[in-house]
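# An overview of the molecular structure
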Amino acid sequence: MAYETIIVDVENHVAQITLNRPDALNALNDELMKELADALSAAQDNEKVRCIIITGSEKAFAAGADIAMMKDKSFVEAFSGDLFTPETEQIMRIRKPIIAAVSGYALGGGCELAMMCDFIICSETAKFGQPEINLGVVAGIGGTQRLTRIVGKSKAMDMNLTGRFMDAEEAERSGLASRVVPCKKLLEEAQSAAQKIAEKSMISVMVVKEAVNRAYEVPLREGLLFERRMFHALFATEDQSEGMSAFLEKREAQFRDK
Ligand code: CO8
């Protein structure tokens with residue numbers, strides 16, 4: 001599929017998807033969300049891809065859902081059209097790890113998209129926010145839910161009620177971003193993290209993703225049981241044997257995803 005609103009590069013086992021609507025600061029419209037979901041599914045199906053990066057421009061990761069697209073919708077159109085739901089469901093089904101590399105604005109749906117990724121690396125210029133309240137609406141794809149689980153009630157309320165932006169330093173301090181780097185180093189850092197992940201056994205990588213995400217869904221006892229059972233199950237893999245042997249033989253493990 002040829003894309004109009006994103007750019008996809010696959011190199012060294014990493015699929016880098018760049019949101020590309022510069023005139024609208026990468027605002028998320030129907031076309032972009034469909035293309036993004038399609039590209040992610042293609043990356044999931046591509047055996048060469050072992051990690052995915054979603055990024056934007058230096059000025060904006062994404063400045064939210066496209067306000068011009070939404071402005072004239074009636075309640076019935078918004079409700080029946082179920083805007084972005086199939087695409088976000090599709091994104092949530094991706095089993096390979098996804099890193100958000102955020103520079104500049106990640107607002108509204110842009111912040112929510114970053115939070116749908118597995119972790120966020122941001123540049124010193126990043127600004128996160130849920131400013132939907134300024135438009136007379138509220139967040140619609142996770143800004144009251146994921147943000148609350150990530151940064152806690154007080155900051156989530158503050159962000160959603162006042163619409164203020166959070167800078168990179170606060171985002172890292174609050175656990176929203178895992179690392180902050182200078183703007184020029186953002187993609188290098190994201191690529192290096194992706195390469196590190198790409199070297200691991202894909203089976204362990206997918207288990208980590210499932211297990212950490214499960215922490216948001218189930219009580220602690222259930223989550224711990226799931227983790228323990230997955231730990232046990234990995235002893236059925238050749239990669240467990242290779243990984244532990246390689247450590248004891250003081251050499252690099254050669255994982256084969258088996
Ligand atoms: N939608 C559409 N166009 C946008 C958006 C947007 N979210 N953000 C920026 N643009 C456009 C501007 O209209 C402008 O276009 P033009 O040049 O044609 O006038 C261009 O991008 C550049 O923007 P600015 O001139 O405003 O640039 P500034 O540097 O002055 O300001 C800001 C940058 C602060 C990021 C500013 O653009 C801004 O506040 N943008 C809107 C942020 C916002 O409110 N985001 C939330 C949108 S609502 C949302 O995301 C809901 C998600 C849930 C969907 C749920 C579905 C179920």
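Summarised in this report is the structure supplied together with it. Remember, predicted model here, so these are calculated numbers, not experimental data. (Residues numbered from 1 in each chain as written. Predicted model: local features only at pLDDT ≥ 70, side-chain atom pairs only at ≥ 80, totals over all residues. Heavy atoms only, no water.)

### What about the sheet that holds strand β1 (residues 6–11)?
Pairing between the strands of a sheet is mediated by backbone hydrogen bonds and can be parallel or antiparallel. If you walk across this open sheet you meet the 6 strands as β1-β2-β3-β5-β7-β10, and the pairing is mixed. One side of each edge strand has no neighbouring strand; the edge strands of this open sheet are β1 and β10 (179–181). Ignoring which end each strand starts from, the neighbouring axes of this sheet average 20° apart. Sheet topology note: the strand β5 (residues 98–102)/strand β7 (residues 119–123) ladder contains 4 bridges and is parallel. (Pairing = 2+ DSSP bridges. Helix = DSSP H or I, 4+ residues; strand = E, 2+ residues; numbered from the N terminus. Axes fitted to C-alpha atoms, helices over the stretch in contact; angles between N-to-C directions.)

### What about the packing of aromatic side chains?
Applying the stated criterion across every chain yields a total of 3 aromatic pairs. For the pair F75 and F79, a centre-to-centre distance of 5.4 Å together with 20° between the ring planes defines the contact as stacked. Here F75 pairs with F79, and both are found in helix α3 (residues 75–81), just 4 residues apart, close to one helical turn. As far as burial versus exposure is concerned, F75 and F79 are alike and both exposed. The positively charged end of R214 is found above the aromatic ring belonging to F226, 3.9 Å away from the centroid. (Phe/Tyr/Trp six-rings, centres within 6.5 Å; stacked < 30°, edge-to-face > 60°. Buried < 20%, exposed > 50% of the residue type's maximum accessible area, 1.4 Å probe, protein only. Lys NZ or Arg CZ within 6 Å of the ring centre and 35° of its normal.)

### A closer look at helix α10 (residues 202–214)
Here α10 spans 18 Å end to end across 13 residues, near enough to the 18 Å set by a 1.5 Å rise per residue. Those residues of α10 lying buried are M202, V205, V207 and K209. Buried residues in α10 make contact with β5, α9 (186–198) and α11 (220–233). (Expected span 1.5 Å × (residues − 1). Contact = heavy atoms within 4.5 Å.)

### Here's the deal with the site of the ligand
Close contacts around the ligand come from 21 residues, with K59, A63, A65, I67 and G109 the closest. For the ligand, an oxygen atom lies 3.3 Å from a polar atom in the backbone of D23. Here A65 contributes a backbone N or O atom positioned 2.7 Å from an oxygen atom of the ligand. Within the complex, the protein chains bury 62% of what would otherwise be the 1100 Å² of accessible surface of the ligand. Broken down by secondary-structure element, the contributors of at least two residues to the shell around the ligand are α2 (67–70), β6 (105–107) and α5 (109–116). Along the lines of polarity and charge, the residues of the shell around the ligand split into 12 nonpolar, 4 polar and 5 charged. (Near = heavy atom within 4 Å. Polar contact = N/O pair within 3.5 Å; in protein donor to acceptor, adjacent residues only side chain to side chain. Areas by Shrake-Rupley, 256 points an atom, 1.4 Å probe, with all protein chains shown as cover. Nonpolar A, V, L, I, M, F, W, Y, C, P; charged D, E, K, R; others polar.)

### Focus on the environment of Q16
Positionally, Q16 belongs in strand β2 (residues 14–19). Q16 sits in the buried class, given a relative accessible area of 13%. Separated by 175 residues in the primary sequence, Q16 and Q191 have C-alpha atoms spaced 8.6 Å apart. Beyond its immediate sequence surroundings of up to four residues, Q16 is in contact with I7, V8, D9, I53, T55, L187 and Q191. Only 2.7 Å separates the side chain of Q16 from the side chain of Q191, close enough to count as a polar contact.

### Focus: the pattern of salt bridges
Under the criterion given, the structure shown has 15 salt bridges. Of the charged contacts in the structure, one is a salt bridge between D72 and K71, with a shortest N-O distance of 2.9 Å. Taken individually, D72 and K71 each receive the classification exposed, so the pair is uniform in this respect. Residue R95 pairs with E210 through a salt bridge whose shortest N-O separation is 2.8 Å. (Salt bridge = Lys/Arg side-chain N within 4 Å of Asp/Glu carboxyl O.)

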